[in-house]
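Results of the structural survey
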Amino acid sequence: MGVMNVDKVKVQITNRQKEVKIPSGIRLLIRRCCNAVLRTEGFSGSAEVSVSFLNNAQIRELNRDHRGKDIETDVLSFPMGENGVYDKNMETGASVLGDIVISVEKAVSQAELYGHTLQREIGFLTVHSMLHLLGYDHESGGLAAALMREKEEEVLASLGLTRDISYVIPHS
């Protein structure tokens, strides 16, 4: 077999919450999402990213401390690079892209709200955050936000995670 399919990205995944049991396959899904973003973006060389699972209280604290927003959120991205320039891991030569922090509690409630799987939700949040780590931004809205959304859909489609349902809350 040999070492054919070497991952371009080393993803360090840490679970720091107890509220939600992480379903099997989620860690692999996250790695696939990270790889798909780098592939779509034509990223060259190897990269490292860390992903942490938090609960609502933990992510609320980070959101308050880093963004001045005292509310829980689904995901936070902490890019290490700027303008396509990244710190290198001296041992491996890999670009250190930064940290992704996901509230699994929030992901579960959003998946229920939007009527799709937790896998689909975490896949979306991972792709969204990876694009942030690579310098995409939607905060200002307009074209930048539209471009980011387009990239997200492209990557998710390549993984078979299309958003085949619109964001409508179903009537029970």
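The following paragraphs examine the structure supplied in this document. (Residues numbered from 1 in each chain as written. Predicted model: local features only at pLDDT ≥ 70, side-chain atom pairs only at ≥ 80, totals over all residues. Heavy atoms only, no water.)

Re the overall build of the protein
Across its full length, the protein carries five helices and five strands. Secondary structure of the protein in N-to-C order comes out as β-α-β-α-β-β-β-α-α-α. In summary, the protein has a C-alpha radius of gyration of 16 Å against a globular reference of 16 Å for 172 residues, a match within 12%. Split into buried and exposed, the 172 residues of the protein put 42% on the buried side. (Helix = DSSP H or I, 4+ residues; strand = E, 2+ residues; numbered from the N terminus. Rg over C-alpha atoms; globule rule 2.2 N^0.38 Å. Buried < 20%, exposed > 50% of the residue type's maximum accessible area, 1.4 Å probe, protein only.)

Points about the nonpolar core
Counting residues in each nonpolar core, the largest one holds 40 residues, and the members touching the most others are Ile 30, Phe 53, Leu 97 and Met 130. The set of elements that each furnish at least two residues to this core consists of strand 1 (9–15), helix 1 (26–40), strand 2 (47–54), strand 5 (95–103), helix 3 (104–114), helix 4 (118–133) and helix 5 (142–158). Residues in contact with Ile 30, not counting those within four places in the same chain, are Val 11, Ile 13, Val 51, Phe 53, Ile 122 and Thr 126. (Core = buried A, V, L, I, M, F, W, Y, C linked by side-chain atoms within 4.5 Å. Contact = heavy atoms within 4.5 Å.)

Considering the packing of helix 1 against helix 5
At their nearest, the axes of helix 1 and helix 5 sit 10 Å apart, and the two run at 120 degrees to each other. It follows that helix 1 is oblique to helix 5 by the angle criterion. As helix 1 packs across helix 5, the resulting crossing turns out to be right-handed. Of the residues in helix 5, those in contact with Cys 33, Ala 36, Val 37, Arg 39 and Thr 40 of helix 1 are Glu 154, Val 155 and Ser 158. A class-by-class count of the residues in the contact of helix 1 with helix 5 yields four nonpolar, two polar and two charged. (Axes fitted to C-alpha atoms, helices over the stretch in contact; angles between N-to-C directions. Parallel < 35°, antiparallel > 145°, perpendicular 65-115°, else oblique. Left-handed = near helix turned anticlockwise from the far one by under 90°. Nonpolar A, V, L, I, M, F, W, Y, C, P; charged D, E, K, R; others polar.)

Here's the deal with helix 5
Its 17 residues place the ends of helix 5 25 Å apart at the C-alpha level, agreeing with the 24 Å of an ideal helix rising 1.5 Å per residue. Listed as buried for helix 5 are Met 148, Lys 151, Glu 152, Val 155 and Leu 156. End-on view of helix 5: buried residues confined to an arc of 130 degrees, all on one side of the axis. Residues of helix 5 that are exposed and point over 90 degrees away from its buried face: Gly 142, Leu 143 and Glu 150. Where helix 5 is buried, its residues contact helix 1 and helix 4. Two residues or fewer after helix 5 comes Gly 160, characterised by a positive phi angle close to 75 degrees. (Expected span 1.5 Å × (residues − 1). Arc of directions from axis to C-beta.)

Side note on the pairing of strand 1
Residues in a regular strand project their side chains so that they alternate between the two faces of the sheet. Relative to strand 2, strand 1 is paired through seven bridges, and the arrangement is parallel. Paired with Gln 12 across the bridge in strand 2 is Ser 50. Following the backbone out of strand 1, through helix 1 and into the adjacent parallel strand 2, one traces a crossover that is left-handed. (Pairing = 2+ DSSP bridges. Right-handed = clockwise from strand over helix to strand, strands pointing away.)

Focus on the environment of Gly 160
Within the element layout of this structure, Gly 160 appears in the segment after helix 5. Owing to a relative accessible area of 59%, Gly 160 belongs among the exposed residues under this scheme. When the C-alpha atoms of Gly 160 and Arg 120 are compared, they prove to be 9.5 Å apart, with 40 residues separating the residues in sequence.

Side note on the pattern of salt bridges
Should the charged atoms of two oppositely charged side chains come close, the side chains can pair. Applying the stated criterion to the full structure yields six salt bridges. In this structure, Lys 151 engages Glu 41 in a salt bridge whose closest nitrogen and oxygen atoms are separated by 3.1 Å. Note that Lys 151 is positioned in helix 5 and Glu 41 in the loop between helix 1 and strand 2, a separation of 110 residues in sequence. Under the relative-accessibility criterion, Lys 151 is labelled buried at 17%. A salt bridge links Arg 149 to Glu 152; the nearest nitrogen and oxygen atoms lie 2.9 Å apart. (Salt bridge = Lys/Arg side-chain N within 4 Å of Asp/Glu carboxyl O.)

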